[in-house]
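# Structural overview for review
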Amino acid sequence: MSSDPNIPHTPPSRSLAGKVALVTGAGCIGDGLGNGRAITILLASDGADVMALDMNLEWAQKTAEIASSVPGRGRVVAIQGDVTKAEDCQAAVEAALTTFGRLDILVNNVGIAGAPGTAVEVDMEAWAHGLEVNISSMVLMTKYAVPAMERNEGEQRGNIVNMGSVAGLKGGTPHLLYPTSKGAIVNMTRAMAAHHAAPGIRVNCVCPGMLYTPMMYAGGMSEEARAARKARSLLGTEGTAWDCATAVVFLAGPHARWMTGVVLPVDAGTTAAVGIGMPKSASVNGGASS
């Protein structure tokens, strides 16, 4: 054991009791489980009070209902807002301060697939809208969240988790907008981590792989496509919103107190290797022995 009185002898708690979080894109159609809903439920389960923000208030209310259904969880309040509008972002932060008295955690979860097509095919108006939703909205939410977090006392005053994607780490997707925007989020996270470290605000990024969530299957997905998505990872298994949410809540909590600027893939090993499923004969040494 260390004799330094500044180093505690007891392990850190993972509890978020007394903390307040704001999750964007917290709603989800029907009883489905999207990333925002799963994140909200887990934050509340660990004791945080949560503002569940979504453009669709009914979806956010459903999330609040599910998240608050177990006694002892944090309180969840649904609010409506468009994160591409500065006034809505500011109002969401003010709602957290008014309702709960503070803001400790911001999860920038909103994201859309956006305009389809390559550079040759993409509609530029739709392209601009996609960048506004996927990137600029995170800047706006951070713009108003950081000053609120700076009011908190202590060595660590706040945490921001941005939602990226493995599409932002590697090429190979058929459309240009989504991987471009997610790649921007990755380096934006690193820049924000440097900008806001001095007042004790951590900024990290979660990059999920091919999760099976309503964003993916609501429009229909064949079993063939679903199987192909599974096969792209080392583990060969399917991820869900819970897999994403557990990573987000870890980074937002006290167990990750010494982590900032981190880009965390949650992808069953998709980004860890090349040539998944490639036969030995196709590898660099041909798999031959002499």
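These lines cover the structure that appears in this document, whether it is placed above or below.

Each value, and the rule that gives it
Residues numbered from 1 in each chain as written. Predicted model: local features only at pLDDT ≥ 70, side-chain atom pairs only at ≥ 80, totals over all residues. Heavy atoms only, no water. Helix = DSSP H or I, 4+ residues; strand = E, 2+ residues; numbered from the N terminus. Buried < 20%, exposed > 50% of the residue type's maximum accessible area, 1.4 Å probe, protein only. Contact = heavy atoms within 4.5 Å. Areas by Shrake-Rupley, 256 points an atom, 1.4 Å probe, with all protein chains shown as cover. Expected span 1.5 Å × (residues − 1). Pairing = 2+ DSSP bridges. Axes fitted to C-alpha atoms, helices over the stretch in contact; angles between N-to-C directions. Salt bridge = Lys/Arg side-chain N within 4 Å of Asp/Glu carboxyl O. Parallel < 35°, antiparallel > 145°, perpendicular 65-115°, else oblique. Left-handed = near helix turned anticlockwise from the far one by under 90°. Core = buried A, V, L, I, M, F, W, Y, C linked by side-chain atoms within 4.5 Å. Polar contact = N/O pair within 3.5 Å; in protein donor to acceptor, adjacent residues only side chain to side chain. Nonpolar A, V, L, I, M, F, W, Y, C, P; charged D, E, K, R; others polar. Right-handed = clockwise from strand over helix to strand, strands pointing away.

A separate point is the overall build of the protein. When you go through the protein residue by residue, the secondary structure sums to 8 helices and 7 strands. Burial status across the protein gives 43% buried among its 290 residues. In the protein, 76% of the contacts between residues at least 6 apart in sequence involve partners at least 24 apart. Carbon and sulfur atoms make up 56% of the accessible area of the protein, which totals about 14500 Å².

With 20 residues, helix H5 (residues 177–196) ought to run about 28 Å at 1.5 Å a step, and its terminal C-alpha atoms sit 28 Å apart, in line with that. Among all positions of H5, only Leu177, Pro179, Ser181, Lys182, Ile185, Val186, Met188, Thr189, Met192, Ala193 and His196 are buried. Those residues of H5 that are buried are in contact with helix H4 (124–150), strand E5 (158–163), strand E6 (201–208) and strand E7 (263–266).

This part is about the sheet that holds strand E3 (residues 76–80). If you trace the 7 strands from one edge of the open sheet to the other, you get E3-E2-E1-E4-E5-E6-E7, paired in parallel fashion. On the outer flanks of this sheet lie E3 and E7, each paired with one strand and no other. Ignoring which end each strand starts from, the neighbouring axes of this sheet average 20 degrees apart. Across 4 bridges, the pairing between strand E4 (residues 105–108) and E5 is parallel.

This model, assessed by the stated rule, comprises 4 salt bridges. Between Glu65 and Lys62 there is a salt bridge, with the nearest N and O atoms lying 3.8 Å from each other. Residue Glu65 and its partner Lys62 are located together in helix H2 (residues 57–67), separated by 3 residues, close to a single helical turn. With relative accessibility at 51%, the residue Glu65 sits in the exposed group. Taking the relative accessible area as the measure of exposure, Lys62 reaches 24% and is therefore partly exposed. The residue Asp104 makes a salt bridge to Arg102 at a minimum N-O spacing of 2.7 Å.

Before going further, it helps to examine the packing of helix H3 (residues 86–100) against H4. Contact pair H3 / H4: the axes reach a minimum separation of 8 Å and the direction vectors enclose 30 degrees. The orientation of H3 with respect to H4, classified from their angle, is roughly parallel. Remark: the crossing between H3 and H4 carries right-handed chirality. Only Leu140, Met141, Tyr144, Ala145 and Ala148 of H4 make contact with H3, whose side of the interface consists of Ala86, Cys89, Gln90, Val93 and Leu97.

Topologically, Ala184 is positioned in helix H5. Note on Ala184: relative accessible area 30%, which makes it partly exposed. Once the C-alpha coordinates of Ala184 and Leu131 are considered, the two residues, 53 residues apart in sequence, prove to be 9.4 Å apart.

Moving on, we get to the nonpolar core. Among the nonpolar cores identified, the biggest contains 36 residues, and Leu22, Val93, Leu103 and Met141 are the most heavily contacted of them. Among the elements that take part in this core, H4 stands out by supplying 10 residues, more than any other. Counting residues in hydrophobic clusters, the runner-up holds 32 residues, among them Ile39, Ala48, Val76 and Ala245.

For Asn108, the position within the fold is in strand E4. The exposure class assigned to Asn108 is buried, which follows from its relative accessible area of 2%. Within the local environment of Asn108, its side chain forms a polar contact with the side chain of Thr142, the two groups lying 3.5 Å apart. For Asn108, the side chain forms a polar contact with the side chain of Asn162, separated by 2.9 Å.

Okay, the packing of helix H1 (residues 35–45) against H2 next. Where H1 meets H2, the axes come as close as 9 Å, and the angle between the chain directions of the two elements is 35 degrees. Between H1 and H2 lies a crossing whose hand is right-handed. Contacts between H1 and H2 involve Arg37, Thr40, Ile41 and Ala44 on the former and, on the latter, Trp59, Lys62, Thr63, Ile66 and Ala67. Looking at the contact of H1 with H2 residue by residue, the classes come out as 5 nonpolar, 2 polar and 2 charged.

Quick look at the pairing of E6 now. Extensive coverage of E6 is indicated by the burial of 8 of its 8 residues. Where E5 meets E6, 6 bridges bridge the pair, whose relative direction is parallel. Note that in E6 the partner of Gly158 across the bridge is Ile201. Read as a crossover between parallel neighbours, the route from E5 over H5 to E6 is right-handed. Of the strand pairs in this sheet, E6 and E7 are connected by 4 bridges, and their pairing is parallel. Looking across to E7, one finds that Val206 is bridged to Leu264.

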